[in-house]
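Spelled out, the chains give:
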Amino acid sequence: MTGLSMEDRFKLPVWDQGENDVPVLRGALASLQGKIVEAKEVGSHSVIFMETTQIRVRADGDSLIYFDRDFHRVPRVEGAMSSMSCSKRCRPAQAPAAFALSLRTWLP
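Residues numbered from 1 in each chain as written. Predicted model: local features only at pLDDT ≥ 70, side-chain atom pairs only at ≥ 80, totals over all residues. Heavy atoms only, no water.

(A) Spotlight on the pairing of strand β4 (residues 45-57). Two strands pair when backbone bridges link them, and strand β3 (residues 30-42) and β4 are joined in this way by 12 bridges, in the antiparallel orientation. Residue pairing for β4: I36 is matched across the bridge by M50. Hairpin connection of β3 to β4: two residues between the antiparallel strands, including G43 at a positive phi of 60°. (Pairing = 2+ DSSP bridges. Helix = DSSP H or I, 4+ residues; strand = E, 2+ residues; numbered from the N terminus.)

Below, the structure written as structure tokens:
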């Protein structure tokens, strides 16, 4: 996708249409959707806080994290979790807790 304008990147057939017409990367292991409730400048970073309304987590594939200036693969624990989804049917407070709970399954 590098070398393309932002407009051209979102024309590629790898995006699904999410809530409020937000593009969601089709092959992502996890995606969060929601409403931005606050944005802050913290040091050299912009931090965006959101109220989560939908979380999708695929049941296949390994995770990738960036730590100590390098990428590291986090293998999936077999049978640790089935596909999880929490949409508008969930109370907003349930979605972050469900996602955090599922991440604990993968972490040592």
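(B) Local environment of the environment of V74. With respect to the helices and strands, V74 occurs in strand β6 (residues 70-74). For the pair V74 and D62, spaced 12 residues apart in sequence, the C-alpha to C-alpha distance is 5.8 Å.

(C) Representation of the pairing of strand β5 (residues 63-67). For β5 and β6, the ladder comprises five bridges, and the chain directions are antiparallel. Residue pairing in the sheet places S63 in a bridge with V74 of β6. With antiparallel pairing between neighbouring strands as the criterion, β5 and β6 make up a hairpin whose turn holds two residues, including D68 at a positive phi of roughly 55°.

Purely geometric numbers; function is a separate question.
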